[in-house]
Structure formats: structure tokens, C-alpha cells
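Here's the letter readout for the chains.
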Amino acid sequence: DSALKSSGPRCTKGIGRFAFTTWCMPDRAALLRIALEAVTVHADLTVSLPPAPSIFGFSGAAAGTDALERAGFCEVAVDEVPLALQVPTPDDVFDWLDKSTVRTMALFRLQTPDVQARIRQDILESAATLQTGGGLEVPCPAMLYASRKA
């Protein structure tokens, strides 16, 4: 909420429009579910990470719409964008997670080498179940919010 209130006016200067995307919940986004399940099963979740908002704080249309309206936006439109990671191998899924999920991989790096190996193996095995004829297609849709400054 505070980021919307502080960034919104700056971002909408001139055109008055503001849009952002956020990941869908893990029940819809297999890519995130694979990573979160592996970390939840194997990782020591008590390691110290700085505080952060939930990755899924705006994954539900109502929460995102409410936050935009509280920040002074109107005419909020919400759409689910059907995205999927298409890669040749399960290793590429892990590589994408390594380069694209800052907090999850920070948690991963704070684990012992043995735990890291178990998390990685779990991710690779889960990703392999999504094999298609030409590689892997891993669903990871996003919510797209578009609004206008009131």
C-alpha cells in the first residue's frame, strides 16, 4: 500500500495511468508452486531474512483493487495473463528461479549445502513432470492491474 501511495503519483505524472503485474497464487502458478514446495519441505525457514511484504499480497483481484483504490486510483481493471516458462530442461527451470526469485533464492543460499542439494533435486524432479515433446512448459500466470489516477 505505501509503495503505491508514494510511487503512484510519480509514475502517473502526465498520463494519469498506472499498471503493474504480480504473480498468481501457487495453485495457478506451477513455477512458483514447485519452488515454494521444495523450500517448504527442505529448508530451515528460521534463517534470518529482512522483512518483506508477501509475494502474493496482490495475487487476489480484491486485494490489489482495494490497495489501488486506497492509493487514490479508480477504474481498476484486473486480468489474468496466461504466462508459461518454456525451457528445454528441468535445469533451466532451476536457473530461471535462481535468476528471478530474489527472496526464495536468498533463503536457498542461507541453507547448508546438503539442504540446497535436496531443494534443487526436488525442483528438478517436479519440473520434469511438466515435460512436453519439445521441452518443458511451466505455467506461471500473472495478474495485470491497470488503473487511472482519480
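Here is what the cut-offs are and how they apply
- Residues numbered from 1 in each chain as written.
- Predicted model: local features only at pLDDT ≥ 70, side-chain atom pairs only at ≥ 80, totals over all residues.
- Heavy atoms only, no water.
- Pairing = 2+ DSSP bridges.
- Helix = DSSP H or I, 4+ residues; strand = E, 2+ residues; numbered from the N terminus.
- Axes fitted to C-alpha atoms, helices over the stretch in contact; angles between N-to-C directions.
- Left-handed = near helix turned anticlockwise from the far one by under 90°.
- Contact = heavy atoms within 4.5 Å.
- Nonpolar A, V, L, I, M, F, W, Y, C, P; charged D, E, K, R; others polar.
- Buried < 20%, exposed > 50% of the residue type's maximum accessible area, 1.4 Å probe, protein only.
- Phe/Tyr/Trp six-rings, centres within 6.5 Å; stacked < 30°, edge-to-face > 60°.

Undergrad: Would you mind showing me how to read the sheet that holds strand S2 (residues 73-81) here?
TA: Across the sheet, which stays open at both edges, the three strands sit in the order S1-S6-S2 with antiparallel pairing between neighbours. Of all strands in the sheet, those with a lone pairing partner are strand S1 (17-23) and S2, marking the two edges. Neighbour to neighbour, the strand axes of the sheet diverge by 15° on average, direction disregarded. Bridge analysis of S1 against strand S6 (residues 142-149) gives seven bridges, and the strand direction is antiparallel. Note that in S6 the partner of Thr-21 across the bridge is Leu-144.

Undergrad: In this structure, what is going on with the packing of helix H2 (residues 30-42) against helix H6 (residues 113-128)? I would like to understand it.
TA: The description of two packed helices rests on the angle between their axes and on the distance between the axes. Their axes nearest at 9 Å, the elements H2 and H6 cross at an angle of 145°. Note that H2 runs across H6; the crossing there is right-handed. Packed against H2, whose contacting residues are Ile-34, Ala-35, Ala-38, Val-39 and His-42, the element H6 presents Val-115, Arg-118, Ile-119, Asp-122, Ile-123, Ser-126 and Ala-127 at the interface. Among the residues making up the contact of H2 with H6, the classes are represented as eight nonpolar, two polar and two charged.

Undergrad: Would you take a moment to explain unusual backbone geometry for this structure?
TA: As a rule of thumb, non-glycine residues mostly have phi less than zero, and peptide bonds are mostly trans rather than cis. Although it is not a glycine, Glu-75 adopts a positive phi angle of roughly 50°. Along the chain, Glu-75 falls in strand S2.

Undergrad: Can you walk me through the environment of Cys-24 in this structure?
TA: Turning to its location among the elements, Cys-24 is positioned in the loop between S1 and H2. Residue classification places Cys-24 among the buried positions, given a relative accessible area of 2%. Among all residues touching Cys-24, those that are not within four sequence positions of it are Ala-29, Leu-32, Phe-56, Ser-59, Glu-80, Pro-141, Ala-142 and Met-143.

Undergrad: Would you explain the sheet that holds strand S5 (residues 135-139) in this entry?
TA: If you trace the three strands from one edge of the open sheet to the other, you get S3-S5-S4, paired in antiparallel fashion. The two strands at the open ends of the sheet, each matched to only one other strand, are strand S3 (84-87) and strand S4 (131-132). Bridge count between S3 and S5: four bridges; the pairing is antiparallel. Looking at the pairing, Leu-85 lines up with Val-138 of S5. Relative to S5, H2 is tilted by about 90°, and along the sheet it contacts S3 and S5. Along the sheet, helix H4 (residues 90-100) makes contact with S3, S4 and S5, crossing S3 at roughly 130°.

Undergrad: Explanation requested: the packing of aromatic side chains in the structure shown.
TA: Aromatic rings in a pair are described by how distant their centres are and how their planes are angled relative to each other. Going through the model one piece at a time under the given rule, you end up with six aromatic pairs. Taking the centre distance of 6.1 Å and the plane angle of 50° together, the rings of Phe-18 and Phe-20 count as tilted. Judged by its relative accessible area of 12%, Phe-18 is buried. On the accessibility criterion, Phe-20 (17% relative accessible area) is buried. On the numbers, 5.5 Å between centres and 65° between planes, the contact of Phe-94 with Phe-108 is edge-to-face. Taken together, the positions of Phe-94 in helix H4 and Phe-108 in helix H5 (residues 102-109) put the pair 14 residues apart, joining distant regions of the chain. You can call Phe-108 buried: its relative accessible area is 10%. Following the ring pairs from residue to residue traces out a cluster consisting of Phe-18, Phe-20, Phe-58, Phe-73 and Tyr-145.

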